[in-house]
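In case you want the letters, here they are:
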Amino acid sequence: MMDDMEKRFSDKKLYERMRLWEFADKYIFEPIDSAITDSYLSISRTDGSMNLIGELPQCGDMQSPNVRLVFGVIGMLRLIVGSYLFVITGRECAGTYLGHPIYKVSTLGILPCNLSLDGSSAELKKMEAEFSTLLGAAEKTHGLYFSYDVNLTLCAQRLHELGDESKFLPLWRQADPRFLWNDYILEALVDNKLDPYILPVMQGSYQHFEAALGTNIVDVSLIARRCTRRTGTRMWRRGADLDGYVANFVETEQLMHVNGFTASFLQVRGSIPLLWEQIVDLTYKPPFQIVQPDEGPRVAQRHFMDLVKRYGSIMAVNLVNKHGGEGRLSERFTKVMETITNSSIRYVHFDFHAICGHIHFERLSLLYDQIEDFLKRHRYFLLEVEGEKVQEQTGVVRTNCIDCLDRTNVTQSMIGGKMLESQLNQIGIFGDDEAISAYSFFDTCFKKMWADHGDDISIQYSGTSALKGDFVRFGKRTMDGIVKDGINSLVRYYLNNFADGIKQDAADLLQGHYIFSSSRGLPSPSQSLGVEVFALNMISDISYMLYSGWDLASELHQLSKLTVECSQTNLAFSSHGINKQRSKSSHGAG
């Protein structure tokens, strides 16, 4: 029996390091950590076809390949004629998840398999070249994580509930498709039954710290899983689609390990689950537009029924303003929720800006008073020293504002802190009235973890770090934080109008939301992408410098000049080929 289990485990083991041999007509991947390697993966550079071979080709004067190290094959994307292979060329160990190492992708490589282009028409070559430009944006995707040993797409509670048979499946078959970033581009590897090469990748965030509480060493991690069903950038993906999948849906798991106990607490965030959008039009805050209002109740019901199925009871917390443009959208959401709420779905509207203003975020205690009974009833997942389940989490808080970034992260960090205190109390480390804030070093680490978490999620959706991050990081609003928020808001404006279109197109390609076919009428990019790619790269650099506290005067001057240049080249909406008809198609099912 043990030999059989060991064989099954060995069969699902992933290759962690490989030599990539780049021959003129093929790529060959040689696993170098496996004790016995009896085959190598060969991929044609002509058409991307794959097969396993028994030995490496002989190298000589006529065939001298380039050789380099890679850490995983994560998929293949087919454009009009050629295919493009995605490999991990750089990784950083980010920490551990349930005792297993997890890695962050530091660099991606894209290997062209497009020699068949040589026999294609000039028109196809031109279109291939134009659309392959999108791969540059894909190559810069932020926040990709993976593990060779554990399924990162499942929270601790779901992993604990996996049956013995499921635990022996390859990691990609265990994965939750919602959080499998490379789900679509893995298809070629899956079709060729290349399980040892199929590395599941998740987009999100991972933070971790370890600190003492008295004589106890407490290990705390925060992991975010971004849903791929309605992925995209801030102004280009709003609301829900007809299936009820929402933009910027993120599952956040807060994990604690201490004295042999493991506790896990889940929260989720996501856009208001109605059909709505903001069309980029060069104004600072484009108006909210309700699309197909009659479908709203059905879409919201699909969304919440799916959440109940996955998480149990739901507490929906709406942080949006009650007045102005946000108020009209919020009023529609509130009316829809009146028809949906039941014993499993509760709804609270907490006007964050009206109650907390710009500096009094301590007033979030008023919100906690309204949801405390829900949190205490549905608890968190807890394992004792021997790995036995003490209790499980039976419901989640779903938080939204407009972007589900800034107000949402402040609120989720408050809830996370309260639940961590509850866990420490149950385990016996805290007394009834003890709080994290009484331990300054621990409190500082906890706040920094949540602030970094919010920044990562915000960068992926909006292109900048989160607003109001100074409160999460320091427990109060600061002048530096207020100034940084103003600059970040300006950078978001530029991104929305001049750079996010190409990022949205790249995301749609990678997730299979737009599929190429040489036999269909393809829209060609309406402009040269040079200025737009320049804007995307430059603002990405500026966001990083802002996050690092650099002086931005000269960069902002460049941005102002870029505005004029973009306007003159008619790139105001940053939308070429794929996204030209966004207002007509972005809420379709899928």
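On to helix H11 (residues 365-378). The terminal C-alpha atoms of H11 lie 19 Å apart, and with 14 residues this matches the ideal 20 Å at 1.5 Å per residue to within 8%. Taken as a whole, H11 carries its principal kink of about 55 degrees at Ile 371. Among the residues of H11, those classed as buried are Leu 367, Tyr 368, Ile 371, Phe 374, Leu 375 and His 378. Next to the buried residues of H11 lie strand S13 (261-269), strand S16 (313-318), strand S17 (345-349), strand S20 (395-400) and helix H12 (406-427). Among the residues trailing H11, Arg 379 stands out with phi positive, at a value near 55 degrees.

Attention shifts here to the pairing of strand S12 (residues 250-258). Across the nine residues that make up S12, a large majority, eight, are buried. Alignment of strand S11 (residues 216-226) against S12, held across eight bridges, turns out to be antiparallel. Within S12, the residue paired with Val 220 across the bridge is Met 256. With nine bridges connecting them, S12 and S13 associate as antiparallel partners. What sits directly across from Thr 252, in S13, is Gln 267. The loop that links S12 with its antiparallel partner S13 comprises two residues; one of these, Asn 259, has a positive phi angle of about 50 degrees.

The next thing to look at is the pattern of salt bridges. Going through the model one piece at a time under the given rule, you end up with 24 salt bridges. For the salt bridge of Arg 407 with Glu 326, the shortest nitrogen-to-oxygen distance reads 3.1 Å. Here the residue Arg 407 occupies a position in helix H12, and Glu 326 occupies one in helix H9 (residues 324-340), the gap between them amounting to 81 residues. Exposure remark for Glu 326: the relative accessible area of 5% places this residue in the buried category. Because the salt bridges share partners, they merge into one network encompassing Arg 158, Asp 176, Arg 178, Arg 225, Glu 251 and Glu 253.

Another aspect to go through is unusual backbone geometry. Of note in this structure, Leu 98 is not a glycine but carries a positive phi near 55 degrees. With respect to the helices and strands, Leu 98 occurs in the loop between strand S7 (83-97) and strand S8 (100-113).

Let us now look at helix H2 (residues 122-132). Listing the buried residues of H2 in full gives Met 127, Glu 128, Glu 130 and Phe 131. What you see down the axis of H2 is that its buried residues fit within an arc of 165 degrees, all on one side. On its buried face, H2 is in contact with S7 and helix H3 (134-139).

Overall, the prediction assigns the protein a mean pLDDT of 83, with 79% of residues at 70 or greater. Segment residues 559-585 is flagged for pLDDT under 50; beyond a separation of four residues in sequence, or across chains, it makes 73 contacts in the model.

This part is about the sheet that holds strand S3 (residues 40-44). Strand order in the open sheet made by the five strands is S4-S3-S2-S1-S5, with antiparallel pairing throughout. Sheet topology places strand S4 (50-53) and strand S5 (66-70) at the edges, where each strand pairs with a single neighbour. Going from strand to strand, the sheet's axes swing by 25 degrees on average, the running direction of each strand aside. As paired elements, strand S2 (residues 26-31) and S3 share four bridges and run antiparallel to each other. Note on S3: the bridge partner recorded for Tyr 27 is Ile 43.

In the structure shown here, the tally under the stated rule is ten aromatic pairs. Centroid distance Phe 430 to Tyr 439: 5.6 Å. Interplanar angle 15 degrees. Geometry classified as stacked. Exposure remark for Phe 430: the relative accessible area of 4% places this residue in the buried category. On the accessibility criterion, Tyr 439 (26% relative accessible area) is partly exposed. An aromatic cluster is present here, built from Tyr 103, Phe 146 and Tyr 148 joined pairwise through their rings.

Reading guide: rules and limits
- Residues numbered from 1 in each chain as written.
- Predicted model: local features only at pLDDT ≥ 70, side-chain atom pairs only at ≥ 80, totals over all residues.
- Heavy atoms only, no water.
- Helix = DSSP H or I, 4+ residues; strand = E, 2+ residues; numbered from the N terminus.
- Expected span 1.5 Å × (residues − 1).
- Bend = angle between axes of the 7 residues up to and from the residue.
- Buried < 20%, exposed > 50% of the residue type's maximum accessible area, 1.4 Å probe, protein only.
- Contact = heavy atoms within 4.5 Å.
- Pairing = 2+ DSSP bridges.
- Salt bridge = Lys/Arg side-chain N within 4 Å of Asp/Glu carboxyl O.
- Arc of directions from axis to C-beta.
- pLDDT = per-residue confidence, 0-100.
- Axes fitted to C-alpha atoms, helices over the stretch in contact; angles between N-to-C directions.
- Phe/Tyr/Trp six-rings, centres within 6.5 Å; stacked < 30°, edge-to-face > 60°.

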